[in-house]
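Chain and residue survey
If you want the building blocks of each chain, they are given just below.
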Amino acid sequence: VTRTTARPARALGIDIGTSGVRAAAICEDGMPLEMEAVRFERTDRMRDPAAWLAATAHAVRALAARVDLGGLRAIAVDGTSGSVVAVDADLRPLASAMMYADPVRERAVLDRIAEVAPADSPALGPQSALARAMVLAHLPGAMRVLHQADFVLAHLAGTVLPSDETNALKTGYDPILRGWGDWIEAAGFDMRLLPQVRPAGVPLGPCGAWGQALGLPKTARLHAGVTDGCAAFLATGAGRAGDGVTSLGSTLVLKLVSDRPVFDAASGVFSHRIGDIWLAGGASNSGGAVLANLFGREALADLDARIDPDRPTGLDYYPLLCPGERFPVSDPTLAPRLMPRPESPALFYQAVLEGIAAIEAMG
């Protein structure tokens, strides 16, 4: 194999997103050497755990063809926050994953959580990852309910490893007390189905047979990762109290470094714990997925060239794909607002962008 990069990689980061998987090889000084992106064939594949593994394998093998991965010391995985999957004893998924924006409609499940959860817990409401986990726990043969990042990490290790404090937050983990909430069992959930939890970044175990088959060395340590929103924040280098980052991916994610945790269920604000800092913020259901759905990915570059940001449209949009919002207001019934619709596609596009920017400002 002819590699295009002579410098050895020391760390590997794997990002499992809604559109596909990305992998980045990092050198000794922390700079990326090479990156590989693999898109899912169809949008519904983002729910398919088998597609997560196939895209991960493709991305890692492509990197291994261009970068020396033999000296890897650390591997970490991030995934979408609140996405969960039920697996059997052999780590086989029992159904499609329930994703971060999938609302839970089972009133009995939501009521049981509401009766015992703390008032500002991120595990409350129809968007609760714990509620999704409770639904999946009833699947025949369910031995574990894993977050998206946990699932990929488990396959790299060949066994279930602890989750991290950021992915576990919306499933009922208490980052202040640093443990699963003792109220979860009172809500009717079997705690044996949940993984242990460790702080983000700590080493968890060696790379297993599947990871080695992808070209990863057995000596590399698998580390606790973070959610995709936290990973995007960390990639900017921000880290001082007051630093803020907005990420526009499939959804709009806003995070602000705080010197203390902040939780406010009514506005969808929660705080992740990473090292010695707190990331306060939330994630809107608006974002890039709305743009792709309304206009198609191929048309965006042309529309960008036809808008005039210095001349606001005056249209007051709240762009959503369907009813329901998480942040900056937590309202499962909030309806999309995309009328009146101008005849000009460029004007309509600009108004949608203005609506997303208004949501960011509210956040």
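Report on the accompanying structure. (Residues numbered from 1 in each chain as written. Predicted model: local features only at pLDDT ≥ 70, side-chain atom pairs only at ≥ 80, totals over all residues. Heavy atoms only, no water.)

Looking only at helices and strands, one finds nine helices and 18 strands in the protein. Against the compact-globule benchmark of 21 Å for 363 residues, the protein has a radius of gyration of 21 Å, which places it among compact chains. Taking the principal axes of the C-alpha coordinates as reference, the protein spans close to 60 × 55 × 40 Å. Burial analysis of the protein (363 residues in total) assigns 50% to the buried set. By element, 54% of the accessible surface of the protein is carried by carbon and sulfur atoms, the whole surface being about 16,200 Å². Taking the average location of the 33 positive side-chain charges in the protein and that of its 40 negative ones, the two points are 5 Å from each other. (Helix = DSSP H or I, 4+ residues; strand = E, 2+ residues; numbered from the N terminus. Rg over C-alpha atoms; globule rule 2.2 N^0.38 Å. Buried < 20%, exposed > 50% of the residue type's maximum accessible area, 1.4 Å probe, protein only. Areas by Shrake-Rupley, 256 points an atom, 1.4 Å probe, with all protein chains shown as cover. Lys, Arg positive; Asp, Glu negative; His and termini not counted. Charge placed at Lys NZ, Arg CZ, Asp CG, Glu CD.)

Here we take up the nonpolar core. Residues Leu12, Ile14, Trp52, Ile75, Leu156 and Leu216 are the most contacted members of the largest nonpolar core, which totals 48 residues. Of all the secondary structure elements, the ones that give two or more residues to this core are β2 (11-16), β3 (20-26), β4 (32-39), α1 (49-64), β6 (74-78), β7 (84-87) and α4 (148-157). The dominant element in this core, judged by the number of residues it contributes, is α1, at nine residues. Those residues within four positions of Leu216 in sequence are excluded, and the remaining contacts are Leu12, Val60, Leu69, Leu72, Ile75, Leu156, Cys207 and Gly211. (Core = buried A, V, L, I, M, F, W, Y, C linked by side-chain atoms within 4.5 Å. Contact = heavy atoms within 4.5 Å.)

Running from N to C, helix α7 (residues 288-295) and helix α9 (residues 345-362) cross one another at 165 degrees; their axes reach a closest spacing of 11 Å. With respect to α9, the axis of α7 lies roughly antiparallel. In the crossing of α7 with α9, the sense of the turn from one axis to the other is right-handed. Of the residues in α9, those in contact with Leu291, Leu294 and Phe295 of α7 are Pro345, Phe348, Tyr349, Val352, Leu353 and Ile356. (Axes fitted to C-alpha atoms, helices over the stretch in contact; angles between N-to-C directions. Parallel < 35°, antiparallel > 145°, perpendicular 65-115°, else oblique. Left-handed = near helix turned anticlockwise from the far one by under 90°.)

Turning our eyes to something else, we now look at the layout of surface pockets. Looking at the second largest pocket, its volume works out to about 350 Å³. Around the second largest pocket sit 20 residues that line it, and Pro122, Leu124, Gln127, Gly268 and Ser330 are the ones nearest its centre. When its residues are assigned to classes, the lining of the second largest pocket shows nine nonpolar, six polar and five charged. (1 Å grid on protein atoms, 1.4 Å probe; cavity = no way out; pocket = protein on both sides within 12 Å on 5 of 7 lines; lining within 4 Å. Points joined across faces, edges and corners; volume = space filled by probe spheres on them. Nonpolar A, V, L, I, M, F, W, Y, C, P; charged D, E, K, R; others polar.)

Another point: the side chain of Arg326. One can find Arg326 in the loop between α8 (300-304) and α9. Buried within the structure, Arg326 lacks any salt-bridge partner; Glu325 is the closest side chain of opposite charge, at an N-O distance of 5.3 Å. Within the local environment of Arg326, its side chain forms a polar contact with the backbone oxygen of Ser284, the two atoms lying 3.3 Å apart. The residues touching Arg326, leaving out its near neighbours within four places in the chain, are Tyr100, Gln127, Lys170, Thr251, Ser267, Gly268, Ala283, Ser284 and Asn285. (Salt bridge = Lys/Arg side-chain N within 4 Å of Asp/Glu carboxyl O. Polar contact = N/O pair within 3.5 Å; in protein donor to acceptor, adjacent residues only side chain to side chain.)

Here we come to the sheet that holds β6. Pairing is mixed across the open sheet formed by six strands, whose spatial order is β4-β3-β2-β6-β14-β13. Each edge of the open sheet is held by one strand with a lone partner, namely β4 and β13 (203-206). Within this sheet the neighbouring strands show an average axis-to-axis angle of 20 degrees, counted without direction. The pairing of β13 with strand β14 (residues 221-223) spans three bridges and is antiparallel. (Pairing = 2+ DSSP bridges.)

Assignment of secondary structure puts Arg61 in helix α1. Taking the C-alpha atoms as reference points, Arg61 and Glu36, 25 residues apart in sequence, are found 9.5 Å from one another. Setting aside residues no more than four positions away along its own chain, Arg61 makes contact with Ala213 and Leu214.

A few words now on the side chain of Ser121. Within the element layout of this structure, Ser121 appears in the loop between α2 (107-116) and α3 (129-136). Of note is the side chain of Ser121, whose polar atom sits 3.0 Å from the backbone nitrogen of Ala123.

The geometry of a pair of packed helices is captured by two quantities: the angle between their axes and the separation between those axes. Remark: α2 packs on α3, axes separated minimally by 10 Å, with the N-to-C direction vectors making an angle of 130 degrees. Classified by the angle between their axes, α2 and α3 sit oblique to one another. In terms of crossing hand, the pair formed by α2 and α3 is right-handed. Seen from α2, the contacting residues are Val109, Leu110, Arg112 and Ile113; seen from α3, they are Leu130, Ala131 and Met134. Its residues assigned to classes, the contact of α2 with α3 shows six nonpolar, no polar and one charged.

So, on to empty space enclosed by the protein. To find leftover empty space, a probe the size of one water molecule is rolled over the atoms. Within the structure shown, the criterion is met by one cavity of 30 Å³ or more. Of the voids in this model, the largest cavity is the one considered here, and its volume is about 30 Å³. When contributions to the lining of the largest cavity are tallied by element, the ones reaching two or more residues are β16 (252-258), β18 (277-284) and α9. No other element matches the three residues that β16 contributes to the lining of the largest cavity. Classifying every residue of the lining of the largest cavity by side-chain character gives six nonpolar, two polar and one charged.

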